[in-house]
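Analysis of the macromolecular model
Read off the chains here:
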Amino acid sequence: MSYAKALRCRKCGREYPLEAMNLCDFCLSPLDVTYDYQQVAKVLTRENLDNAPLSMWRYRDLLPTDGNEVDLGTGYTPLVKAGNLGRRLGLDQLYIKNDCLTPTYSFKDRVVSVAMTKALEFGFETVACASTGNLAASVAAHAAKANLRACVFVPSDLELGKLVSAAIYNPTLVTVEGSYDDTNRLCAQLLQKYKWGFININLRPYYAEGSKTLAFEICQQLGWRAPDCVVSPAASGLLFTRIWKGLQEFSMLGLVGQVNTHMFVTQAAGSSPIVRAYEAGSVHINPVKPDTIARSIAIGNPADGYYALMVARQSGGGACAVTDDEAISGVKLLAETEGIFTEPAGGVVIGSLAKLAAQGIIKKDDLVVALITGAGPRTQEILTGIVKAYRVQPTTESVAEVLGASVK
Ligand SMILES: Cc1ncc(COP(=O)(O)O)c(C=O)c1O
Ligand SMILES: [Zn+2]
């Protein structure tokens, strides 16, 4: 049984039944799932949650599904105390939420698990998505598990690793000659033609809810408190806004105290419409043409950009963009200090975190959680010249020779 009540327009407040739709008929603003929080409060306690299975579905009372989840085992990813990285950046309480460790190696499994469950409930036979890479893999994998047909659309210049990661689940894979924004526009048009469940279009309100579980897990893993600062990547901006919504829900239900979390949104400089608007003190997101190696977050016209901007401002957080070189340095720094290999989106987060700490915007004593939302091995082409290996004969003398006398 679900405590979800309705879809509600974010702007005019009109309510709609829980159907496969994402925009208000009246003002075309996005729709969000609302819940009967009074009922949720009766069943959701810290004690129950502490004894629940180690999966994102432990938070099902705050998710919009009726059961029969399409679950590949997503969730409860490690929240790692990042002592080494913290020392390098001058942060005493730094944590990494390592969401590379999901079934298809990105946080998208959270959102897709929820949306795919709804797709089954709604009776769709085909599910589809417009993707910058990670979503395609996750949709294809969950569709395989749910026995649904998947049709996934990605830009044709996607990294090979990302293409393979989607193709292995045998979806109908369509590469579009254009950017992600072109791909997304095409999918919105296809929705008029085909009766498909587009995971991030007509199923978007449900998809969005999956991201909240990241916030829930972080609070629970911190011993039932919200962090002082969250540093998150943004593409469409949806994840960022849902981390905030998750923190608010936990606070409202008394599971954590008042939320004073400063929310920091990060983007690659070559695709940073949200950060630019923040820095310009504007409320308008001006679309850009992305040009960055951080392809997974390269969205030039972010659907939830305005709302992400508002969260950054209202929470007393901020916004930061880094160059591709800084993002690559971030990827390396995280790997060398904490043993976590992220894709460029994570490099953007670490590069931005380094800047924000150096500028004193994020402070030494702040309890900071940096979100690492996708794994590195599928985007290897960004890392050139890092393989420096010693070649030896299989003898101890040969090893001693190349390592030199100084090595003990
Ligand atoms: C690795 C990774 N991190 C973050 C994001 C941002 O997601 P959102 O569109 O919700 O801002 C994406 C989106 O594709 C992603 O692939
Ligand atoms: Zn409306």
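Residues numbered from 1 in each chain as written. Chains lettered and ligands numbered in written order. Predicted model: local features only at pLDDT ≥ 70, side-chain atom pairs only at ≥ 80, totals over all residues.

1. Here we look at the overall build of the chain
Stated precisely, the cut-off is as follows: Put simply, DSSP marks the helices as runs of H or I at least four residues long and the strands as runs of E at least two long, and each gets a number from the N terminus on. For the radius of gyration, the atoms used are the C-alpha atoms, and the globule rule reads 2.2 Å times the number of residues raised to 0.38. Neighbour density around each residue's C-beta defines its exposure: 20 or more other C-beta atoms within 10 Å make it buried, 12 or fewer make it exposed, and counts between make it partly exposed, where C-beta atoms are placed from the backbone.
Regarding its fold elements, the chain presents 15 helices and 13 strands. Against the compact-globule benchmark of 22 Å for 408 residues, the chain has a radius of gyration of 21 Å, which places it among compact chains. In terms of principal-axis extent, the alpha carbons of the chain reach across some 75 × 45 × 45 Å. Evaluated residue by residue, the chain yields a buried proportion of 53% over its 408 residues.

2. Description of the site of ligand 1
Using the following cut-off: Only the C-beta atom matters for nearness: placed from the backbone, it must lie within 6 Å of the molecule or strand for the residue to count as near. When residue character is reported, Ala, Val, Leu, Ile, Met, Phe, Trp, Tyr, Cys and Pro are called nonpolar, Asp, Glu, Lys and Arg charged, and the others, Gly included, polar. Domain start and end points were adopted from an automatic or database domain assignment.
In the vicinity of ligand 1, 18 residues are found, and the nearest of them are S236, L239, S296, T373 and G374. Those elements giving two or more residues to the shell around ligand 1 turn out to be α5 (134-146) and α10 (238-252). Ranked by the residues each element gives to the shell around ligand 1, the list is headed by α10, at three residues. Taken together, the residues of the shell around ligand 1 sort by class into nine nonpolar, eight polar and one charged. When residues of the shell around ligand 1 are assigned to domains, at least three fall in each of domain 1 (4-63 + 108-207) and domain 2 (79-105 + 212-382).

3. With respect to the sheet that holds strand β10 (residues 229-233)
Here is the rule: For two strands to pair, DSSP has to find at least two bridges joining them. Every axis in this analysis is a line fitted to C-alpha atoms, fitted for helices over the stretch in contact. Angles between the N-to-C directions lie between 0 and 180 degrees. Contacts here follow a simple rule: the backbone-placed C-beta atoms of the two residues must lie within 7 Å.
With mixed pairing, the six strands of this open sheet are ordered in space as β4-β5-β13-β10-β11-β12. At either end of the open sheet lies a strand with only one pairing partner, and these are β4 (79-81) and β12 (318-322). Ignoring strand direction, the axes of neighbouring strands in this sheet form an average angle of 25°. With three bridges joining them, β10 and strand β13 (residues 367-372) adopt parallel strand pairing. The partner of V231 across the bridge, within β13, is A370. Of the strands in this sheet, β11 (262-268) and β12 are in contact with helix α12 (residues 305-314), which crosses β11 at around 135°.

4. Section: the domain arrangement of the chain
Looking at the assigned domains, one finds that the chain contains domain 1 (4-63 + 108-207) and domain 2 (79-105 + 212-382). One C-alpha centre belongs to domain 1, the other to domain 2; they are set 21 Å apart. Domain 1 puts 25 residues into the contact, and the matching count from domain 2 is 28 residues. Taken together, the elements giving at least two residues each to the side of domain 1 that touches domain 2 come down to α1 (37-43), α2 (46-50), α4 (108-122), α5, α6 (160-167) and α7 (180-193). Here the side of domain 1 that touches domain 2 takes four residues from α5, the largest share from any one element.

5. Remarks on the nonpolar core
Filter applied, for reference: Residues of type Ala, Val, Leu, Ile, Met, Phe, Trp, Tyr and Cys that are buried and joined through C-beta atoms within 7 Å form what is called a nonpolar core.
Ranked by internal contacts, the top residues of the largest apolar core, which has 127 residues, are V127, V139 and V152. Viewed by domain, this core spans two of them, domain 1 (4-63 + 108-207) and domain 2 (79-105 + 212-382), each represented by three or more residues. Here V139 is in contact with V112, V127, C129, A150, V152 and I199, once residues within four sequence places are set aside.

6. Quick word on helix α11 (residues 273-280)
Within the span of α11, buried status applies to P273, I274, V275, A277 and Y278. Where α11 is buried, its residues meet β11, α12 and β12. Taken from the residues just after α11, G281 is the one with a positive phi, measuring 65°.

7. Considering the pairing of strand β5 (residues 93-98)
A regular strand places its side chains on the two faces of the sheet in alternate fashion. In terms of burial, β5 is a largely internal element, five of the six residues being buried. Pairing analysis gives six bridges linking β5 to β13, with the strands arranged parallel. Across the sheet, residue Y95 finds its bridge partner in β13, namely V369.

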